[in-house]
Amino acid sequence: MNWIKFLLNRKILVGLITVFIFMIGGYAVFKLDQELFPPIDMDGAYVYAITEDLPATEVERSVTTPIEQQLSGIDGIDNITSTSFHGMSEFQITIEEGMGEEVYSEVESIIYSAASQNNQIENIESGQYSTDQGYSFFMDLSGEDLETVTNFAKETFEPRIEKLPEVRDVAFEGGYDEELLIELDREAIADQNLSSEQVIAMIQQSTSNASLGELSKSEDTSTLRWETNIQSVEDLENISIPTATDFITLNDVANLAIVPSDAHSIAWKNGSQDFLLVQIGRNKDFTQIEMFDAVKKELEQMRTEGLFDEIELSHIVSQAEYVEDSLDGVTNNILIGGILALVVLLLFLRNIRATMIVGLSIPASLLLTFTMMWLLDYSFNILSLIGLGLGIGMMVDSSIVILESIYRKKEKGLNNLEAVINGTKEVATAVIASMLTTIVVFLPIGLVGGEVGQFMIILSLVVAATLISSVIVAFTLIPSLSEKFLKVSNQLKTHREGRILQNYGRLVNWVVKRKRHSVAVISLFVMLLAGSMFLVTKIPMTIMPDMYNRYNEMMVQPEQGVTPSEKDQIVAEINDRLMKVEDVEANYIIDNGSMMMLLINMTKGDEITRSQDEINEEISNSLRTIQDDFPVKNIQSMMSASGGSSPVQINIQGENFNELNTLAQSLSQEITTLDGIVGVTTTIDRTSTEDGIELHEEAISDAGLTETQIRQTIEEAFLEIPVGNIQIDGESLAIQTKYSDEINTQEDLLNVAIMTTQGEKPLSDFISLSSEEVPNEITHIDGERVVTINAEIEGTDLGTVNREIQQIIENFETPNGYSIELAGDLEQQQELLMEMLLVLGIAIFLVYLVMAVQFNHLIHPMIVMSVLPITVIGVILGLFLTQHELSALSAMGIIMLIGIVLNNAILFIDRTNQLRRNGLSTNEALIEAGKNRLRPIFMTSFTTAAGMLPLALATGSAGNYQAPMATVIISGLLFATMITLLLIPAVYRLFTSKKADLRMQGEFNNQSEHKHQTA
């Protein structure tokens, strides 16, 4: 312990290093980013291939399958799920862990290369999944005149907000915009022997600017440019169009008018489009809270300038508020936990100075942890703060053990220097071993795959950093302060053992007196463990808990090919149903093409009348049946663990659609009978009507026509295309062309006239239409066709559903070539369970390894670890009584518990071995070790529990993440503390033979004799 003497002689050095830690840690606090979740690029990618107007079966054949074949050759791709829709092919790609960016670059290259070679692909969208969001602040602008609101947004609001350094950009959805609509008169064009292409070509030529060539001069060249002279609607109406006999004006064959544009009407507030949705993105150099505060300050300045006198600004949602709420909640819990830990310490030691010393170690350890987080480029987020909250209780464990040992030595009359050196030396190996056993359990966490694994790694590293910091502080600051500052008032006085110590000593004496007593104690705990297993099925299970913040995001996925009017009907129905839900304040829907994002705001503060889980359940129940009456594929919450997909998913793989449909319907009926299963659908349930065109070849030939002319006429019948832009009064207006008489029915199409050698004739003379039902979507998994059964759960948990569905699948018969597999949350839960069991097994082995090295014994680590199975009783009771879910986070708590509960056992065994080496028999050593370690064991356990208590009782947006993990640790630790004090003596007594006892006694006598002779 020479380093202890060095530190005690260099207290100024310790003090200066402590000041430096406070300085650099304080700096790190302000440099750490603040966000709800850490930005994580997940090992997955998505691709959307937008095609021509093709049915799902044709998209599958010509787009999906060729791309699948190319992607399957990429090393690092774990799984490819593709879905072919009408006009679109979607790919969900799972990438091997750690290869996300590398594989995605290759995927992107192949996708865009395939798109360039396939004329049927019109557009490609792709990206890598991440927790980072593009926009994090949403507002809306509204007023009496939407045109005025839109002009204000673009001319005043956008420039003022975008000039802020904290803001990346401002985007708008909805609002008022105009376009120039040109409605072509089909009959008038035919009377002039013109085609729509000729008319549109003249419009494009008249409204476009172009470079026509270059003129060379002596040294320089100049570009010859054609500038349009169209400045008004009247100018465009009067453009000349040549015919076979004369010139006509556009006004002769078309009606022109400036009308509101439908292209920007893709957002709704409470079912209305009379508003402008504002989205604000954050500059990466600033935190979400800094961006939110800067925007809020600028908006207040604009309000004082009177800019919002006629414009109403409403706040929808800001992620910064949830970040701030979560950070404040967890920070408060950490502070309260730290105070409670100090209160526990004061109650046990009844020494103000001792409490002050440990109290100083908490900020020192925290600031050292913040420094490590800053160096690791971590941030303050819900996961790192939960790690800090969990570490706050354990943070003082090492300090308490060392301080208590020094305190006890001073009570026995040792001088200051001897008390510090001997007290620290006595517990040093136990403290280091305890830290190592707590940290090594985190090493196998990296084996957990997916984003859940990445979340757990972040949490693990923060806890590990906290523990390492606390041990560094415990071995430096605590001894330095304890030498002179720690005073013991009743030094050298003879103490009588308290009643608790006397009773405990008698109880341990009874346990170790006879082996049958030890066996009886062990048997009792084993029976309690067996009995607790019956409660496991009563504990709710999930993958990741939901987050409650009086806000919800849902994904509404319409059927492919829905019309704008059908979307309006869907939006109106959603709004009607949501407005009937009590405590729902407002709803917003953003149409992103194939998907509609639903944002739901709930009442806050004093206006709250119901809990959010009740509201979420009613919303889910209310919207679920929309699929029965409207063209909606599904509606899912984006804020649940499912992340926008159904919690229950079952894949049926095979080739034949009819057989797949039969199996899906049969299995769906069985699943529907399960309690808690609602909203059962399959991906093959809905089909669309497709009209096929049959050509009358003989009639076409007799009329002097070709198939190309027939197709061209049909395409022209549905004409609706943009043809450029026009500048009117300084504003650019889009030009849209379409026929004045729209084609909506089969009859309308068949009555369209076509010019033949025999005069005008209806299309019905040359074609006939036949209707057939085609699937809306076709799903592949790794190239094989799949039908998916989706279902929601209500009034039950995922674990219960998983067990019941697996039983149904085991008894369900399938033909050769067809298979049934769990997917989605069910599959993920099974995989996570297996991974966590593997992690648990490796963690236990690593803990055994550390202790075997420390004790230099193979049996003693097993004695210490005998407490682990019995700890499960406390975990089960804690989850059962609180009804917290067993999730990835609570499983993480169980793994952490392995290291924590062993600390007390290590203290006990280490002291027992010391006493045996000093000549005590096994029974005497166990009794004395129990008395010596009773106070530090209670102190460390109760301070850890007290530190985590606020997290276990936490509510608010982060409560569901903190409470299960803290509950597991507190219940398991407190139960383990009680049983450690009896179980460890019983097991140690059982595994220690009299022969070993005599051998150790002999070694002690020999050492004593040797020392006597030397003296």
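For clarity, every value in this text was computed on a predicted model and none was experimentally measured. (Residues numbered from 1 in each chain as written. Predicted model: local features only at pLDDT ≥ 70, side-chain atom pairs only at ≥ 80, totals over all residues. Heavy atoms only, no water.)

Engineer: Help me understand the side chain of Asn904 in this model?
Structural biologist: The residue Asn904 is located in helix 29 (residues 888-917) in this model. For Asn904, a relative accessible area of 3% corresponds to the buried category. (Helix = DSSP H or I, 4+ residues; strand = E, 2+ residues; numbered from the N terminus. Buried < 20%, exposed > 50% of the residue type's maximum accessible area, 1.4 Å probe, protein only.)

Engineer: So what exactly am I meant to see when it comes to the confidence of the model for the protein here?
Structural biologist: Close reading of the predicted structure is inappropriate where its pLDDT is low. Within the protein, residue pLDDT values average 82, and 90% of them lie at 70 or more. Element-level pLDDT for the protein is lowest in helix 32 (residues 994-1014), with a mean of 61, against a maximum mean of 91 in helix 9 (residues 288-304). (pLDDT = per-residue confidence, 0-100.)

Engineer: Would you explain the pairing of strand 31 (residues 784-793) in this entry?
Structural biologist: The side chains of a regular strand alternate, first on one face of the sheet and then on the other. Counting buried residues in strand 31 gives eight out of 10 residues, a clear majority hidden from the surface. When strand 22 (residues 648-653) meets strand 31, the two strands line up antiparallel, connected through six bridges. Bridge pairing in strand 31 places Asn651 opposite Thr788. The antiparallel hairpin formed by strand 30 (residues 777-781) and strand 31 contains two residues in its connecting segment, where Asp782 sits at a positive phi of about 50°. (Pairing = 2+ DSSP bridges.)

Engineer: Where do I start with the sheet that holds strand 6 (residues 137-142) in this structure?
Structural biologist: Pairing between sheet strands relies on hydrogen bonds along the backbone, with the strands arranged either parallel or antiparallel. Taken in spatial order, the four strands make up an open sheet running 7-15-6-16, and their pairing is antiparallel. Edge positions in the open sheet fall to strand 7 (167-174) and strand 16 (312-318), since each of these has one partner strand only. Averaged over neighbouring strand pairs, the angle between their axes works out to 25° when direction is ignored. Where strand 6 meets strand 15 (residues 276-282), five bridges bridge the pair, whose relative direction is antiparallel. Bridge pairing links Met139 to Val278 in strand 15. Along the sheet, helix 5 (residues 146-162) contacts strand 6, strand 7, strand 15 and strand 16; its crossing angle with strand 7, the most-contacted strand, is approximately 165°. (Axes fitted to C-alpha atoms, helices over the stretch in contact; angles between N-to-C directions. Contact = heavy atoms within 4.5 Å.)

Engineer: Can you help me understand empty space enclosed by the protein in this one?
Structural biologist: Any space left empty among the atoms is revealed by the rolling of a water-sized probe across them. All chains considered together, the criterion is met by two cavities of 30 Å³ or more. The set of elements that each furnish at least two residues to the lining of the largest cavity consists of helix 13 (397-411), helix 14 (416-440), helix 15 (450-484), helix 29 and helix 30 (922-952). At five residues, the largest contribution of residues to the lining of the largest cavity is made by helix 14. Grouping the constituent residues of the lining of the largest cavity by class yields 10 nonpolar, nine polar and one charged. Taken as a whole, the second largest cavity spans an internal volume of roughly 30 Å³. Secondary structure elements with two or more residues in the lining of the second largest cavity: strand 30 and strand 31. Looking at the lining of the second largest cavity element by element, the count peaks at three residues for strand 30. Split by residue class, the lining of the second largest cavity holds five nonpolar, two polar and one charged. (1 Å grid on protein atoms, 1.4 Å probe; cavity = no way out; pocket = protein on both sides within 12 Å on 5 of 7 lines; lining within 4 Å. Points joined across faces, edges and corners; volume = space filled by probe spheres on them. Nonpolar A, V, L, I, M, F, W, Y, C, P; charged D, E, K, R; others polar.)

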